[in-house]
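Residues per chain are reported as follows:
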Amino acid sequence: MFKNIVPIAAIVLLLASCKKDSNPTPDPQDPAQQDITALDSKMSQWMTSNGMPGMSLAISKNGKLVYSKAYGVGDKETAAHVTTGSEFRVASVSKLITSVAVMKLVQDAKLTMDQKVFGTGGILGTTYGTQPYRQYVTDITLSHLLHHTEGGWGQANDPAFFDKNLDATALINYTLNNVALTKAPGTSFDYSNFGYILLEKIIEKASGKSYASYVNDEIWQKVGASQSAIAATSLSGRTANEVKYYGQGGDANFVYDYIGFNRAAGAMGWRSTPADLLRFVNAVDSSDTRPDILSLPTIKTMVTTTPASTGFGGMQFGCGWVIENGEWFWWGSLPGTFAILYRNANGMCIAATSNSRKQPTPENSLYSFISVINYAAFDASIPWQDIDQFGK
């Protein structure tokens, strides 16, 4: 009799186990985000002072997305509000993405920092322009481009903004043939969007992929960013989740069809969300709170300044990033666009985007927004919740 009881009991236990597994207890959920009134007030005040229709903000602490908030409207005509999933052009924050892509190729031994860019044996060789090259061109190294010290092609006469009908190849050819460098590479700072267009081509040559494909494969997919891609130039190319952009003052006629983002993707061409930007920065921040996609030695190279890489009144530049002790950051500004990405060694990272920029001096909006960043990064009274909205 007992011989039959054991198998029946085992079956009962097995069925009970299957029933339990088919209705598992849900994982505990993080509590809902609570508004931080003082921070929201600072954001609203800054938006009003700078004429921003809409903004999106994301803040991470020790690798966790602890605050994500949208403000204002993303489309004035329909009164549609910005959401935390709204996508924005990020302008020159794109340079940080390009810098990391280059550093990944350096880490993989496909590039070296002191490699020459042009001429026989250079990364791009003699593919572009007409021989012989003008003075200093064959002296440019990869490091010079990353640090904005290539000797010219900068603020006063940046080829990135030349004839918008030229594609990247035609633009590079024209520049090499017609626009002289004014100083020896490595001797002075001259912020150059054109230099980051060249880096885009270097990434393609070294990786064997298109620039966008390489960044997607080696950065976005690895950090879990799903709302980042090259921005469209025209209004008709706007994505379903993308805001509309609004110019102030002299920007009014240059918000759309201003520049070809495809040709200048490496300098200013990406669109993203603050949350995706934080996924990115937390993957290159040298902390162990989230996995890094670069090694510590490579990150150290990325944030190392040079004797010449100081500009804009004393800002010290590493490879694309402004480096101030434990703070790394850079911002973006184009007609209809303001964006900033910030990392602090204390574990705080901040990303913010907007669909306008202040005119006539957009850099003043950067300087005033720093007070918002300083509040979020350093004020010990802020009641950050122990939540993580990055998801698993």
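Quantities reported herein were computed from a predicted structural model and do not represent experimental measurements.

K.L.:
Explain the packing of aromatic side chains to me, using residue names and the numbers behind them.
P.N.:
Here a ring pair, both rings aromatic, is described through the centre-centre distance and the interplanar angle of the planes. Counting across every chain of the model gives 24 aromatic pairs. Taken together, the ring pairs in this structure connect Tyr211, Trp220, Trp270, Phe280, Trp321 and Trp328 into an aromatic cluster. Its end group placed over the ring of tryptophan 328, arginine 343 keeps NZ or CZ at 3.7 Å from the ring centre.

K.L.:
Talk me through the layout of surface pockets; I want residue IDs and the actual numbers.
P.N.:
To locate leftover empty space, one rolls a probe as large as a water molecule over the atoms. Estimates place the volume of the largest pocket at around 480 Å³. In terms of lining residues, the largest pocket is bounded by 19 residues, among which Gln155, Tyr191, Phe312, Trp331 and Ser333 are the most central. Broken down by element, the lining of the largest pocket gets its largest block of residues, five residues, from strand β10 (residues 327-334). Partitioned by chemical class, the residues of the lining of the largest pocket number eleven nonpolar, five polar and three charged.

K.L.:
Just give me the short version of the sheet that holds strand β6 (residues 270-272), but keep the residues and values in it.
P.N.:
Here we have three strands laid out as an open sheet, ordered β4-β6-β5, and antiparallel in their pairing. The open sheet has two edge strands with one neighbour each: β4 (88-89) and β5 (229-230).

K.L.:
Help me get a handle on empty space enclosed by the protein, residues and values and all.
P.N.:
For the structure on display, the rule yields two cavities of 30 Å³ or more. The calculated volume of the largest cavity comes to roughly 50 Å³. What lines the largest cavity is simply Arg89, Thr233, Phe254, Val255, Tyr256, Asp257, Tyr258, Ile259, Phe261, Leu334 and Pro335. Along the lines of polarity and charge, the residues of the lining of the largest cavity split into eight nonpolar, one polar and two charged. Each pocket or cavity is described by its volume, and for the second largest cavity that value is around 30 Å³.

K.L.:
Summarise the pattern of salt bridges; cite the residues concerned and give the values.
P.N.:
If charged atoms from side chains of opposite charge come close, those side chains can pair. Going through the model one piece at a time under the given rule, you end up with 13 salt bridges. For the salt bridge of aspartate 108 with lysine 104, the shortest nitrogen-to-oxygen distance reads 2.6 Å. A relative accessible area of 35% means that aspartate 108 is categorised as partly exposed. Residue classification places lysine 104 among the buried residues on the basis of a relative accessible area of 12%. When the shortest N-O distance is used, the salt bridge between aspartate 251 and arginine 357 registers 2.7 Å. Of this pair, aspartate 251 sits in the loop between β5 and α8 (265-268) while arginine 357 sits in the loop between β12 (348-354) and α11 (362-378), and the two are 106 residues apart along the sequence. Under the relative-accessibility criterion, aspartate 251 is labelled buried at 4%.

K.L.:
Describe in detail the packing of helix α2 (residues 37-50) against α11, supporting the description with residues and values.
P.N.:
When two helices pack together, you describe them by how their axes are tilted relative to each other and by the distance separating the axes. One way to put it is that α2 packs onto α11 with a least axis distance of 10 Å and a crossing angle of 175°. Put simply, α2 runs roughly antiparallel to α11. Packed against α2, whose contacting residues are Ala38, Leu39, Lys42, Met43, Trp46 and Asn50, the element α11 presents Ser365, Ser368, Phe369, Val372 and Tyr375 at the interface. Considered class by class, the residues forming the contact of α2 with α11 number seven nonpolar, three polar and one charged.

Analysis parameters
- Each chain has its residues counted from 1, running along the sequence as written.
- In keeping with the predicted nature of the model, local features appear solely for residues at pLDDT of at least 70, side-chain atom pairs appear and are counted solely at 80 or more, and the whole-chain, interface and lining totals rest on all residues.
- Side-chain descriptors were evaluated using all non-hydrogen atoms of the structure, hydrogens and water having been removed beforehand.
- Working definition: a ring pair exists when centres of Phe, Tyr or Trp rings (six-membered ring for Trp) sit within 6.5 Å. Plane angles under 30 degrees give stacked, over 60 give edge-to-face, the rest tilted.
- Look at NZ for Lys and CZ for Arg. If either is within 6 Å of the ring centre and within 35 degrees of the ring normal, a charge sits over the ring.
- A 1.4 Å probe that fits into a set of points on a 1 Å grid over the protein atoms alone but cannot get out defines a cavity; an open set with protein on both sides within 12 Å along at least five of seven lines defines a pocket, and lining residues are those with an atom within 4 Å of a point.
- Grid points are joined across faces, edges and corners, and a volume is the space filled by probe spheres set on the points.
- Comment: elements are numbered from the N terminus, with helices defined as DSSP H or I runs of at least four residues and strands as E runs of at least two.
- Residues are grouped as follows: Ala, Val, Leu, Ile, Met, Phe, Trp, Tyr, Cys and Pro are nonpolar; Asp, Glu, Lys and Arg are charged; every other residue, Gly included, is polar.
- Strand pairing is assigned whenever DSSP detects at least two bridges linking the two strands.
- Note on definitions: salt bridges are taken to be side-chain nitrogens of Lys or Arg within 4 Å of carboxyl oxygens of Asp or Glu.
- When accessible area is computed with a 1.4 Å probe and restricted to protein chains, residues below 20% of their type maximum are described as buried, those above 50% as exposed, and intermediate ones as partly exposed.
- Every angle, taken between N-to-C directions, lies between 0 and 180 degrees, and every axis is a line fitted to C-alpha atoms, over only the stretch in contact when it is a helix.
- Each angle receives one of four descriptions, namely roughly parallel if under 35 degrees, roughly antiparallel if over 145, roughly perpendicular if within 65 to 115, and oblique otherwise.
- Contacts: residue pairs with any heavy atoms within 4.5 Å of one another.

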